[in-house]
Amino acid sequence: MKNNPNQKNSLKHVLFGSLIGTTIEFFDFYIYANAAVLVFPQLFFPGSDATMATLESLATFSIAFLSRPLGSAFFGHYGDKIGRKFTLVAALLTMGISTVTIGFLPGYASIGVAAPLLLMLCRFGQGVGLGGEWGGAVLLAIENAPPHKRAWYGMFPQLGAPIGLLLSGGTFLLLTDSMSNEDFMNYGWRIPFIASSLLVIVGFYIRTKITETPSFENSKKEAEEVKVPFLTLVKSYKNQLIFGTLAAVTTFLVFYLMTVFTLSWVTSDLGYVKRDALLIQLFSVLFFALFIPISALVADKIGRRKILIFTTIAIAAFGFFFSLFLNSGSPFLVTAFVCIGMSLMGFTYGPLGTFLSELFPTTVRYSGASLTFNLAGILGAAFAPMIAIWLASTYGLNYVGFYLIIAAIISLVSFLVISKKVHQF
């Protein structure tokens, strides 16, 4: 995987290379999210009551968020030291192997407590891989972008999230429609995990064809290298690291409230069948995908910070409507609720990668952008579905909305106080 110094990345290779990797990574990540709600409570955590089994399953879901910063630190170190290309390939393989392995795991009935332990290990590997993937994919796009189109280029890897979610949700919907519940629980759920190996092969091939980014090559020529990027971040970029993390918290929280929490709530407490819940989710993802490019276009015109501030304020206002929509008893209002939430998600997610990357110079950008994004994942998403289910069950849906409002206020303050310096590319 050596680079030809005279070879330049074409626009097609840059954008498709960044998009295909995050699509695969998020597909892998989201099939686990669906399975954690629909399958794993019965197969890996039997013996508990339904609510406790779901909470135990969602606890394994959170493991990936805890391991993502480890992936960010590890892959970010090598991404800043030896290059974006090799690191992106290694992160993709880490995620892919972990995901495919889940498809072959025996259940609790076969090997007892070893089953959930192995599931947790694979989930840990998923988190490490995604922790290294996201930052590199964003940098691949924006470090090849002209200055006036940086948010537009940076939204292509972000599109991998809704595409991956559509593929994962669509796969589960197709499987549940085409086989009996018994067959689906016996072997059908394994198909998307194992089939993801085909996507990994495609992504591996595309990634090996890409050359290093101009920004990284220029920093190498000018001998701008740091020995340990993580230590440099902690020493010289504390403001960006802390407030960048807090700024991104709401993005994670609103997404997992709209997907994992809502999927769990409408199937267990509102009595929706799995198929209808998945259809609502898939429909809402179209709004997520639509508003990512729209937000990027606006961000290139008015600035990344401004659109993120405006969207965060809108998310805080949205938090007041949780109970009104979800307790309405109307499928139309429930669908509208999720679609509005996913539209706001598109607005905040589209320019976020570019915003976080611009906080750091080239020499520590891979580590910095990855760590802020994935540390925010721990705070905003790792335990969000569990907390939301507990709040809704104990105090009512209004308190889930208050949870989102508090997060939005924290993010808003962070956007206002974070360093406004944009580093050169």
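Residues numbered from 1 in each chain as written. Predicted model: local features only at pLDDT ≥ 70, side-chain atom pairs only at ≥ 80, totals over all residues. Heavy atoms only, no water.

The protein goes by MFS transporter in an unreviewed UniProt entry, where it is assigned to Flavobacterium cheongpyeongense. UniProt annotates the protein under Subcellular location (unreviewed entry) with the comment "Cell membrane". (UniProt positions renumbered as here; feature names shortened; annotations may be inferred.)

Visitor: Quick question: what am I supposed to make of the overall build of the protein here?
Guide: Broken down by element type, the protein carries 20 helices and zero strands. Of all intrachain contacts in the protein linking residues separated by at least 6 positions in sequence, the fraction that spans at least 24 positions is 86%. Carbon and sulfur atoms provide 69% of the accessible area of the protein, an area that totals close to 16,300 Å². Put simply, the protein has 27 plus and 19 minus side-chain charges, and the middle of one group is 12 Å from the middle of the other. (Helix = DSSP H or I, 4+ residues; strand = E, 2+ residues; numbered from the N terminus. Contact = heavy atoms within 4.5 Å. Areas by Shrake-Rupley, 256 points an atom, 1.4 Å probe, with all protein chains shown as cover. Lys, Arg positive; Asp, Glu negative; His and termini not counted. Charge placed at Lys NZ, Arg CZ, Asp CG, Glu CD.)

Visitor: Quick question: what am I supposed to make of helix α8 (residues 181-188) here?
Guide: Every α-helix winds through 3.6 residues per turn, so residues three or four apart in the chain are directed the same way. Here α8 has its buried residues at Phe184, Met185 and Gly188. The arc that holds the buried residues of α8, viewed along the axis, is 130 degrees, so those residues lie on one side. Of the surrounding elements, those touching the buried residues of α8 are α1 (11-38), α2 (40-44), α7 (150-178) and α9 (190-208). (Buried < 20%, exposed > 50% of the residue type's maximum accessible area, 1.4 Å probe, protein only. Arc of directions from axis to C-beta.)

Visitor: How do you make sense of the confidence of the model for the protein when you look at a structure like this?
Guide: Detailed reading of the predicted model is not advised wherever pLDDT is low. Overall, the predicted model of the protein reaches an average pLDDT of 87, with 96% of residues at or above 70. Here residues 1-7 scores under 50 on pLDDT; set against residues more than four positions off or in separate chains, the count is twelve contacts. (pLDDT = per-residue confidence, 0-100.)

Visitor: Where do I start with the nonpolar core in this structure?
Guide: One broad trend across soluble globular proteins is that nonpolar side chains are buried collectively. Phe40, Tyr256, Phe261 and Phe322 are the most contacted members of the largest nonpolar core, which has 129 residues in total. Every residue in contact with Phe322, bar those within four places of it in the chain, is listed here: Leu257, Met258, Phe261, Asn327, Phe337, Leu397, Val400, Gly401 and Leu404. (Core = buried A, V, L, I, M, F, W, Y, C linked by side-chain atoms within 4.5 Å.)

Visitor: Sorry, what's going on with empty space enclosed by the protein here?
Guide: Per the stated rule, a full pass over the model turns up four cavities of 30 Å³ or more. When its volume is computed, the largest cavity comes out at roughly 90 Å³. Looking at the largest cavity, the residues that line it are Phe26, Tyr30, Arg68, Ala161, Thr251, Phe252, Phe255, Tyr256, Phe288, Met345, Tyr349 and Phe373. The element contributing the most residues to the lining of the largest cavity is helix α12 (residues 238-268), with four residues. (1 Å grid on protein atoms, 1.4 Å probe; cavity = no way out; pocket = protein on both sides within 12 Å on 5 of 7 lines; lining within 4 Å. Points joined across faces, edges and corners; volume = space filled by probe spheres on them.)

Visitor: Explanation requested: a nonpolar patch on the surface in the structure shown.
Guide: A cluster of nonpolar residues, Phe320, Phe321, Leu324, Trp390, Tyr395, Tyr399 and Phe402, forms a patch on the protein surface that exposes about 780 Å² of accessible area. We classify Phe320 as exposed; its relative accessible area is 55%. (Patch = residues over 30% accessible without salt bridge, like charges linked within 9 Å, V, L, I, M, F, W, Y side chains within 5 Å. Salt bridge = Lys/Arg side-chain N within 4 Å of Asp/Glu carboxyl O.)

Visitor: How should I be thinking about the pattern of salt bridges in this particular structure?
Guide: Side chains bearing opposite charge may pair, as long as their charged atoms lie close to each other. The tally for this structure, following the rule as stated, stands at seven salt bridges. For the salt bridge of Arg304 with Asp300, the shortest nitrogen-to-oxygen distance reads 3.0 Å. A single salt-bridge network, built from bridges that share partners, covers Asp80, Arg84, Glu143 and Arg365.

Visitor: Could you clarify how one ought to interpret the side chain of Arg305 in this entry?
Guide: Here Arg305 shows up in helix α14 (residues 304-318). Despite being buried, Arg305 has no salt bridge partner; Glu358 is the closest side chain of opposite charge, sitting 8.2 Å away.

Visitor: Would you mind going over the packing of helix α11 (residues 229-236) against helix α18 (residues 362-382) with me for this structure?
Guide: The packing of two helices is summarised by the inter-axis angle and the distance between the axes. Viewed as axis vectors pointing N to C, α11 and α18 meet at an angle of 70 degrees, and their least axial separation amounts to 9 Å. Classed by the angle they form, the pair α11 and α18 counts as roughly perpendicular. Judged by the sense of rotation from one axis to the other, the crossing of α11 with α18 is right-handed. When α11 is examined against α18, the residues Pro229, Phe230, Thr232 and Leu233 are found in contact with a partner set consisting of Val364, Ser367, Gly368 and Leu371. (Axes fitted to C-alpha atoms, helices over the stretch in contact; angles between N-to-C directions. Parallel < 35°, antiparallel > 145°, perpendicular 65-115°, else oblique. Left-handed = near helix turned anticlockwise from the far one by under 90°.)

Visitor: Teacher, can you tell me more about the packing of aromatic side chains here?
Guide: Each aromatic ring pair is specified by the distance between its two centres and by the angle formed by the two planes. Within the structure shown, the criterion is met by 32 aromatic pairs. Between Phe44 and Trp189, the ring centres sit 6.3 Å apart and the planes meet at 80 degrees, which makes this aromatic pair edge-to-face. Highlighted residues: Phe44 in helix α2 and Trp189 in the loop between α8 and α9, separated in sequence by 145 residues. The residues Phe44 and Trp189 share a single accessibility class, namely buried. Measuring from centroid to centroid gives 5.3 Å for Tyr395 and Tyr399, while their planes differ by 40 degrees, and the two rings are tilted. Using a relative accessible area of 39% as the deciding quantity, one classes Tyr399 as partly exposed. (Phe/Tyr/Trp six-rings, centres within 6.5 Å; stacked < 30°, edge-to-face > 60°.)

Visitor: Whenever I open this one, helix α10 (residues 214-221) confuses me. Can you help?
Guide: Listed in full, the buried residues belonging to α10 are Ser215, Phe216 and Ser219. Seen end-on, α10 carries its buried residues on one side only, within an arc spanning 95 degrees. Taken together, the buried residues of α10 touch α3 (50-81), α4 (84-102) and α18.

Visitor: Hey, could you run me through the packing of α4 against helix α6 (residues 114-142) in this one?
Guide: Where α4 meets α6, the axes come as close as 8 Å, and the angle between the chain directions of the two elements is 150 degrees. When the axes of α4 and α6 are compared, the pair comes out roughly antiparallel. Considering how the two elements wind past one another, α4 and α6 form a crossing that is left-handed. Partitioning the contact of α4 with α6 into residue classes produces twelve nonpolar, nine polar and two charged. (Nonpolar A, V, L, I, M, F, W, Y, C, P; charged D, E, K, R; others polar.)

Visitor: Hey, could you run me through the side chain of Thr87 in this one?
Guide: The residue Thr87 is located in helix α4 in this model. With a relative accessible area of 2%, Thr87 lands in the buried category. Residues within four places of Thr87 in sequence aside, it is in contact with Phe75, Tyr78, Gly79, Ile82 and Tyr366.

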